[in-house]
Amino acid sequence: MSNPPCSKCGSQFTYEDGAQYVCPECAHEWPQATAAEHTEPVRVVRDSKGTELRDGDTVSVIKDLKVKGSSLVVKVGTKVKNIRLAEGDHDIDCRIDGIGAMGLKSEFVKKV
Ligand SMILES: [Zn+2]
């Protein structure tokens, strides 16, 4: 991890001191909060039609999906209630009647 350069003189040799950054060259001190205010971009998950999905939405499956590690198939048109958005390749966590908890890809569902 590297500290930000001094905001006064541009020195690279700044160091952390408690909740502050300190510049040894010009003695400038400033709070770290300005660096920590960086916020994560809000991730948007969209269905096959580009509609934004949210936790708790109900979606319907738009193609037959094989359930990994089993012979079960989630049939096209299956309604999935109360989805949860997740990180990763399968960006929807859900529970499907008769199958259980599984992950879906947002590109294979549409919001209903
Ligand atoms: Zn400085």
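Everything below is about the structure printed above this text.
Note that this is a predicted model, so its numbers are computed, not measured.

Some details on the coordination of the zinc ion
Taken together, Cys-6 (SG), Cys-9 (SG), Cys-23 (SG) and Cys-26 (SG) make up the full set of protein donors to the zinc ion, lying 2.3 Å away. In this structure, the zinc ion is surrounded by four donor atoms whose angles at the metal cover 106 to 115°, and the resulting shape is tetrahedral. Positions of the donor residues of the zinc ion, expressed as sequence spacing, correspond to C-x2-C-x13-C-x2-C. In this pair, Cys-6 is assigned in the segment before β1 (15-17) and Cys-23 in the loop between β2 (20-22) and β3 (29-31), connecting sequence segments 17 residues apart. What makes Cys-23 buried here is its relative accessible area of 1%.

Comments concerning the packing of aromatic side chains
Aromatic rings in a pair are described by how distant their centres are and how their planes are angled relative to each other. According to the stated counting rule, one finds one aromatic pair in the structure shown. Centre to centre, the rings of Tyr-21 and Trp-30 are 5.7 Å apart; their planes meet at 40°, and the pair counts as tilted. Exposure class is identical for Tyr-21 and Trp-30. Each is buried. The residue whose ring lies beneath Lys-63 is Phe-108, and the NZ or CZ to ring-centre distance is 4.7 Å.

Parameters and conventions
Residues numbered from 1 in each chain as written. Predicted model: local features only at pLDDT ≥ 70, side-chain atom pairs only at ≥ 80, totals over all residues. Heavy atoms only, no water. Donors = N, O, S within 2.8 Å, 3.2 Å for Na, K, Ca; no water. Tetrahedral: all angles 85-135°; square planar, octahedral: opposite > 155°, others 65-115°. Helix = DSSP H or I, 4+ residues; strand = E, 2+ residues; numbered from the N terminus. Buried < 20%, exposed > 50% of the residue type's maximum accessible area, 1.4 Å probe, protein only. Phe/Tyr/Trp six-rings, centres within 6.5 Å; stacked < 30°, edge-to-face > 60°. Lys NZ or Arg CZ within 6 Å of the ring centre and 35° of its normal.

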